[in-house]
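# Coordinates in review
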Amino acid sequence: MASVTLKNVFKYYPGAQRPSVDNVNLDIQDKEFLVLVGPSGCGKSTTLRMVAGLEDISKGTISIGDKVVNDLPPKSRDIAMVFQNYALYPHMTVYNNMAFGLRMQKMKSDEIHKRVMDAAQLLGITDYLDRKPKALSGGQRQRVAVGRAIVRKPKVFLFDEPLSNLDAKLRVQMRNEISKLHARLQTTMIYVTHDQVEAMTMGDRIVVMKDGIIQQVDDPITLYDNPVNKFVAGFIGSPPMNFMEGRIVEEGGGLYFDEGKVRLKIPAEKAEKLNAASYDKEKVTCGIRPEDFYDASHIRTDDRESLEPMTATVEIVEPMGAETYMYLTTGKSPFVSRVDAHVKAEIDEQKQLLVNMRKALFFKPGEMGERIA
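The present account deals with the structure reproduced in this document. Here the structure is a predicted model, which means the values were calculated and not measured.

## A short note on the packing of helix H2 (residues 94–104) against helix H3 (residues 109–123)
Across the interface, H2 lies against H3 with an axial gap of 10 Å and an inter-helix angle of 135°. The angle between H2 and H3 falls in the class oblique. The chirality of how H2 crosses H3 is right-handed. Residue-level inspection shows Tyr-95, Met-98, Ala-99, Leu-102 and Arg-103 of H2 in contact with H3, the latter providing Ile-112, His-113, Arg-115, Val-116, Met-117, Ala-119 and Ala-120. Residues belonging to the contact of H2 with H3 are distributed by class as follows: 9 nonpolar, 1 polar and 2 charged.

Structure below.
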């Protein structure tokens, strides 16, 4: 197994005004499951393909273990890649698809057979070894693609949005299987996805990218609770964080967030940090997670000291089974609240809510607004 290091890595495409990958620095530990996540065009797949050797590096170095691999072809990097479209040979059986790479390496037939059978048993596809890809479902094809990677016993596994073509139920099943596979194989895995739910549930650490630039690298809980800027805060979480534009005002020795229609008192410990920070109090963004709005008649927290009352108008109600999403507006800011499934709400109802301001985050204005304090 091996670590992977990217140092000052850039990727320029001809005619582009800015780099597709902009000064990426990453240290991926041996046996780590690292997820690259971000919107389409953020550079995550390009970064993965440079590690694989499928894209040339414009500047910088990539090392696998203690070896710089910039000039090595993909076959010499000891990596295996699983693609979004499976990339199986349609005229070959499952067995031959999995064995093909090993045969190209001139491996002995008994060793090839052992590796294929071990991988097939691990993935539960032994019954499909004589079938061709067209006779398999999407989930079965993806297992075959993963099996083809496993038999090579590479130092590093690379996954490029491998679940994008599967339906919702299969995606959940396959992401669980890939996570279990990582626990069994104890090997380094780098996984690219645009789905932040996949990222949060699978990664030891998550790399959030935008416009080719790494915004934050952290474990899932730290990313969720302590995003460095407004983009990360809004990208991580489902439903995403709510944002209200407003200003910070001082009154009676305390600080309040004034949105225009709503005024919310800021807890003392958070107010102290805000007072110590340098920012324009007249233009701030307040971020509040959907689960931190409570229906006043169904309070789900003991943290009552930091709960601030507010009134909002219900626009849409989405029952989700175990919980309900209420889409509301203050009259200025739309937001979503995730509440108990038994909460009753009607369209256009004036809803009494309590907001957990201890969990509120504050950002400077703009899409990439830096976190304050």
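## Regarding the packing of aromatic side chains
With the rule as written, the count across this model stands at 9 aromatic pairs. Pairing Phe-157 with Phe-159 gives two aromatic rings, centres 6.4 Å apart and planes at 20°, and the pair type is stacked. Taken individually, Phe-157 and Phe-159 each receive the classification buried, so the pair is uniform in this respect. An aromatic cluster is defined as three or more aromatic residues linked by ring pairs; in this entry it consists of Phe-33, Phe-157, Phe-159 and Tyr-191. Seen from the ring of Phe-10, Lys-59 lies directly overhead, with NZ or CZ sitting 4.6 Å from the centre. Here the guanidinium or amino end of Arg-289 rests over the ring plane of Tyr-224, the centre of that ring lying 3.9 Å away.

## Quick word on the pairing of strand S14 (residues 284–288)
Taken across its 5 residues, S14 has 5 buried, putting it largely inside the fold. Burial of the side chains of S14 extends over both faces: Val-284, Cys-286 and Ile-288 are buried on one face and Thr-285 and Gly-287 on the other. Relative to S14, strand S11 (residues 242–251) runs antiparallel, the two being bridged by 5 bridges. Within the sheet, the bridge partner assigned to Asn-242 lies in S14 and is Ile-288. Relative to strand S20 (residues 361–363), S14 runs antiparallel, the two sharing 3 bridges. By the bridge assignment for S20, Thr-285 is matched with Phe-363.

Rules used throughout
Residues numbered from 1 in each chain as written. Predicted model: local features only at pLDDT ≥ 70, side-chain atom pairs only at ≥ 80, totals over all residues. Heavy atoms only, no water. Axes fitted to C-alpha atoms, helices over the stretch in contact; angles between N-to-C directions. Helix = DSSP H or I, 4+ residues; strand = E, 2+ residues; numbered from the N terminus. Parallel < 35°, antiparallel > 145°, perpendicular 65-115°, else oblique. Left-handed = near helix turned anticlockwise from the far one by under 90°. Contact = heavy atoms within 4.5 Å. Nonpolar A, V, L, I, M, F, W, Y, C, P; charged D, E, K, R; others polar. Phe/Tyr/Trp six-rings, centres within 6.5 Å; stacked < 30°, edge-to-face > 60°. Buried < 20%, exposed > 50% of the residue type's maximum accessible area, 1.4 Å probe, protein only. Lys NZ or Arg CZ within 6 Å of the ring centre and 35° of its normal. Pairing = 2+ DSSP bridges.

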